[in-house]
Amino acid sequence: MEKNERPIGVFDSGVGGISVLKELTALMPRENFIFFGDSKYAPYGTKTLEEVRARTCEVAAHLKKQNVKELVVACNTATSAAIHILREQYQDMPVIGIEPALKPAVYAAEHSRVLVMATPMTLREEKFLHLMGQYQELAEIIPLPCPGLVEFVERGEIDGPDLKQFLTNLFGTYLEHPVNSVVLGCTHYPLIKEMIQSVLGNGVQIFDGGEGTAKETKRRLAREGLLNLSEKKGSVCFQNSLESEEILALSQYLWKYKANGPQI
Ligand code: DGL
């Protein structure tokens, strides 16, 4: 296979990274992708740092064995826990991470209240604390850990009364004292964006880091001379540590209807 036709490896703790894959394929339709969801070990966000580092390294090695030309860590939690380890380990290929899209949310309005939804690990790790420190003077930044939310998406429960009730309880006081914007700091959350918006109301602006990550992925490929210049449309291959029919069907469903096809 031509060097530039090799696939881009994208991974997440589960199916959430499909929200990033959507942005990647929209921006680079000629590229080939392998998407690996580590659903057997999801969620990452409530595990220990050591556990998440071990899983992240294992999945990265699995993708590297498949001759990927670039690695995209489509998981905020794995990025905050292990991106530095992966970059050290794989100096022969670009390794791209994702972080909460705090900057555009802060700059969207002056002195606004910004709620950052993410996993407990993402919000407690140094990477986010550093990011928050950069913008703290410009806005009121409120971290909101969301344990339990990823599980809804992993079950394929992306709407319905139970999810609505869960979100209503989670937002609690922020429904009475509204925030200006919300950052979806976990790649699972854009897959339930409509539900989040309906609970928060239309006055709240919602941001996520998928598009920025896709742009950075393309920039790095271009810089390394690795863009796929073939005329053909690229392909997407789904893999998952659960290896069940159900999880592959859910991945296809989210991909087709939530990300790549008509909105449901
Ligand atoms: N999708 C993930 C993220 O962006 C991780 C969710 C989890 O497994 O806890 O943080």
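Every value quoted in this text rests on a predicted model; they were computed, and no experiment measured them. (Residues numbered from 1 in each chain as written. Predicted model: local features only at pLDDT ≥ 70, side-chain atom pairs only at ≥ 80, totals over all residues. Heavy atoms only, no water.)

Asks: Could you clarify how one ought to interpret empty space enclosed by the protein in this entry?
Replies: One way to see where empty space is left: roll a probe the size of a water molecule over the atoms. A complete count under the given rule lists four cavities of 30 Å³ or more for this structure. What the largest cavity holds in volume is close to 80 Å³. If you trace the largest cavity, you find 13 residues lining it, with Ser13, Cys75, Thr77, Thr119 and Cys186 closest to the centre. When grouped by side-chain class, the residues that make up the lining of the largest cavity number five nonpolar, seven polar and one charged. (1 Å grid on protein atoms, 1.4 Å probe; cavity = no way out; pocket = protein on both sides within 12 Å on 5 of 7 lines; lining within 4 Å. Points joined across faces, edges and corners; volume = space filled by probe spheres on them. Nonpolar A, V, L, I, M, F, W, Y, C, P; charged D, E, K, R; others polar.)

Asks: Help me understand the environment of Thr79, please; the structure alone is not making it clear to me.
Replies: Relative to the helices and strands, Thr79 is located in helix 3 (residues 76-89). On the basis of relative accessible area, Thr79 is assigned to the buried category, the value being 2%. If near-sequence neighbours (up to four positions away) are discounted, Thr79 is found in contact with Val73, Gly97, Ile98 and Lys127. (Helix = DSSP H or I, 4+ residues; strand = E, 2+ residues; numbered from the N terminus. Buried < 20%, exposed > 50% of the residue type's maximum accessible area, 1.4 Å probe, protein only. Contact = heavy atoms within 4.5 Å.)

Asks: What exactly am I supposed to notice about helix 8 (residues 161-171) here?
Replies: Every α-helical turn comprises 3.6 residues, leaving residues that sit three or four positions apart pointing alike. Residues of helix 8 that are buried: Leu163, Leu167, Leu170 and Phe171. Angularly, the buried residues of helix 8 cover 90° about the axis, an arc narrow enough to put them on a single face. Looking at helix 8, the residues exposed on the side facing more than 90 degrees away from the buried face are Pro161, Asp162 and Asn169. Check the buried side of helix 8 and you find it contacts strand 5 (113-118), strand 6 (140-145), helix 7 (149-154), helix 9 (173-176) and helix 10 (193-200). Phi for Gly172, located one or two positions after helix 8, is positive at around 35°. (Arc of directions from axis to C-beta.)

Asks: Mind showing me how you'd approach the site of the ligand here?
Replies: Around the ligand there are 13 residues in total, and Ser13, Tyr44, Gly45, Thr77 and His188 lie nearest to it. In this structure, an oxygen atom belonging to the ligand sits 2.8 Å away from a main-chain N or O atom of Gly45. Within the side chain of Thr77, a nitrogen or oxygen atom sits 2.6 Å from an oxygen atom of the ligand. For the ligand, the protein covers 99% of the area, taking 290 Å² as the surface of the free molecule. Applying the majority rule of atoms within 2 Å of the grid points places the ligand in the largest cavity. When the residues that make up the shell around the ligand are grouped by side-chain class, the tally is five nonpolar, seven polar and one charged. (Near = heavy atom within 4 Å. Polar contact = N/O pair within 3.5 Å; in protein donor to acceptor, adjacent residues only side chain to side chain. Areas by Shrake-Rupley, 256 points an atom, 1.4 Å probe, with all protein chains shown as cover. Sits in = over half its atoms within 2 Å of the grid points.)

Asks: It is not clear to me how the environment of Glu216 should be interpreted in this structure. Could you clarify?
Replies: Here Glu216 is to be found in helix 11 (residues 210-223). The spacing of Glu216 and Ile98 is 118 residues in sequence and 9.7 Å in space, taken between C-alpha atoms.

Asks: Explain the sheet that holds strand 4 (residues 95-96) to me, please; I cannot follow it from the model alone.
Replies: The pairing of strands in a sheet happens through backbone hydrogen bonds and is either parallel or antiparallel. Spatially, five strands are ordered 4-3-1-2-9 in an open sheet, and the strand pairing comes out parallel. Pairing within the sheet leaves two strands with one partner each, and these edge strands are strand 4 and strand 9 (236-240). Pairing geometry for strand 3 (residues 70-73) and strand 4, over two bridges, is parallel. Bridge pairing links Val72 to Ile96 in strand 4. Together, strand 1 (8-12), strand 2 (33-37), strand 3 and strand 9 form the strand contacts of helix 2 (residues 49-65), whose direction differs from that of strand 1 by roughly 155°. (Pairing = 2+ DSSP bridges. Axes fitted to C-alpha atoms, helices over the stretch in contact; angles between N-to-C directions.)

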